[in-house]
Amino acid sequence: MKRWLKKIGEKITGSKPEEEVKEKNKTTTKDTDKIEVIETIQKDHNTDHNLTVVGADKKNSISSTKLKEKKYKATWFHKLGDNFKKTSSNIKKAMFASKISQEALDHLEEAFLMSDLGVSFTNELLTDLKTKRIENGKLGNVVKQFLQDQFLENNNEFKFKKTSKPQIILFFGVNGSGKTTTLAKLASRALDEGLRTKIIAADTFRAAAVEQLLEWGKKLELDVFTGFHNEDPSSVIFKGHKEAIENKTEVLLIDTAGRLHNKIELMDELKKIVRTIQKNDPSGPHEKILILDSTIGQNTYSQIESFKSSIGITGVIMTKLDSSAKGGSLIGISKKYKLPIYFIGVGEKVEDLINFNIEDFIDALIGNNFGDRNESIH
């Protein structure tokens, strides 16, 4: 702990980006053709869900949904920034010490505290390690298993559901957490699954948020319901929700204004939004997703407690892992609050919303597989 306290005030500096590992096998004509089709999809959101592959696969029809699934499964390790990689590198060095000693455990403690695993869980990990007889060279395996076990109580899989009324997905969080962009990414996934999708822009006090969603609407070719500037957000949501029911919308995503979790009047407004949704559908909202900025580390705990006590939370999406050194906080969130981690964000593009996969996240946290172009998220 002393080692960490000496360094906690130091600024975490990044190292030079690592060179990507070159692929050993040459790309086949068939693979090249598929890549060309995927690139075409990325450039132009075509609403036709049946595309024909050219060249060697020109006789086969492959749905754009399956191709986009490949895109989502593309490696994301190389998108993590220097801060995250430096923290992970320190963990990796400590885990793979030539022999287990108090010095090695001190280095491991320091590395995990800097990753924002938290004092409680770091101490729990070290206590667990000290009670086991671990062979030299096996420390990494034991640590990895301990970290994975912290996620076992939650089902982190997110699913769209077809119902007689729209599946209502409500997004909320503090200012600057990345709600609007994350909502648009999830909307794109709903479209990929062929679902009739609609967005309600309920952040009526910030014109830029509405404009941002309208731009995403054009790009994704979907309807965005907006109100007047400074109109009561609940009023906009009520009208947009009713229209969505009439139009047999299947997925309805609602963007709300960023709000400080310690401001009572703003939290009361969020409660009002939930009551308004329930006027049209007593079972809604079906998903209440908190968007968390990973760069603030364990300050996310106070946000979770406030939003959870106010309206409840069904799942979490953590953003900005591409610029954060504090991914370890996800472990505490999962273990302490029993909340599913649906997705993580590693960039601004549509494909940068990644399904949360426990093993792959742990591999990234402990510094495995950076730059491996063949690594997938499943």
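Predicted model, so just to flag it, every value in this text is computed and none were measured. (Residues numbered from 1 in each chain as written. Predicted model: local features only at pLDDT ≥ 70, side-chain atom pairs only at ≥ 80, totals over all residues. Heavy atoms only, no water.)

*Asks:* Tell me what's going on with the pattern of salt bridges, and back it up with residues and numbers.
*Replies:* By the definition in use, this model includes 16 salt bridges. With its nearest N and O atoms 2.9 Å apart, the salt bridge here joins D232 to K272. With D232 in the loop between β5 (223-226) and α10 (233-246) and K272 in helix α11 (residues 264-280), the pair connects residues that are 40 residues apart, well separated along the chain. Under the relative-accessibility criterion, K272 is labelled partly exposed at 34%. (Salt bridge = Lys/Arg side-chain N within 4 Å of Asp/Glu carboxyl O. Helix = DSSP H or I, 4+ residues; strand = E, 2+ residues; numbered from the N terminus. Buried < 20%, exposed > 50% of the residue type's maximum accessible area, 1.4 Å probe, protein only.)

*Asks:* For the nonpolar core, give the residues involved together with the corresponding values.
*Replies:* If you look at the biggest cluster of nonpolar residues, it comprises 65 residues, and the most contacted ones within it are F112, L129, V143, L147, I254 and F361. The residues touching I254, leaving out its near neighbours within four places in the chain, are I168, I169, L170, F171, L183, I200, A202, I237 and I277. (Core = buried A, V, L, I, M, F, W, Y, C linked by side-chain atoms within 4.5 Å. Contact = heavy atoms within 4.5 Å.)

*Asks:* So what's going on with helix α8 (residues 179-192)? Which residues, and what values?
*Replies:* In a regular helix each residue adds 1.5 Å, so 14 residues correspond to 20 Å; α8 covers 20 Å between its end C-alpha atoms and thus fits that length. Of all 14 residues making up α8, 14 are buried, and the element is well covered by its neighbours. The first or second residue beyond α8 is G194, which carries a positive phi of 75°. (Expected span 1.5 Å × (residues − 1).)

*Asks:* How would you summarise helix α5 (residues 102-114) if you had to cite specific residues and measurements?
*Replies:* With 13 residues, α5 extends 18 Å between its outermost C-alpha atoms, agreeing within 8% with the 18 Å of an ideal straight helix rising 1.5 Å per residue. Of all the residues in α5, the buried ones are A104, L105, L108, E109, E110, A111, F112, L113 and M114. After α5 finishes, the residue D116 shows a positive phi value of roughly 75°.

*Asks:* Give a description of the confidence of the model for the protein that names residues and reports values.
*Replies:* On average, the protein scores 79 in pLDDT, and the residues at 70 or more come to 76%. Looking over the protein, one finds the lowest element-wise mean pLDDT in strand β1 (residues 50-52), namely 34, and the highest in strand β6 (residues 251-255), namely 98. Per-residue pLDDT stays below 50 along residues 1-62; that stretch engages in 83 contacts with residues further than four places along the chain or on separate chains. Long-range and interchain partners of residues 371-378, a stretch whose pLDDT sits below 50, account for 29 contacts in this model, where long-range means more than four residues apart. (pLDDT = per-residue confidence, 0-100.)

*Asks:* Explain the packing of α5 against helix α6 (residues 119-130) to me, and be specific about the residues and the numbers.
*Replies:* Across the interface, α5 lies against α6 with an axial gap of 10 Å and an inter-helix angle of 155°. Taken together, the axes of α5 and α6 lie roughly antiparallel to each other. The element α5 and its partner α6 pack so that their crossing is right-handed. Seen from α5, the contacting residues are Q102, L105, L108, E109, F112 and L113; seen from α6, they are V119, T122, N123, L125, L126, L129 and K130. (Axes fitted to C-alpha atoms, helices over the stretch in contact; angles between N-to-C directions. Parallel < 35°, antiparallel > 145°, perpendicular 65-115°, else oblique. Left-handed = near helix turned anticlockwise from the far one by under 90°.)

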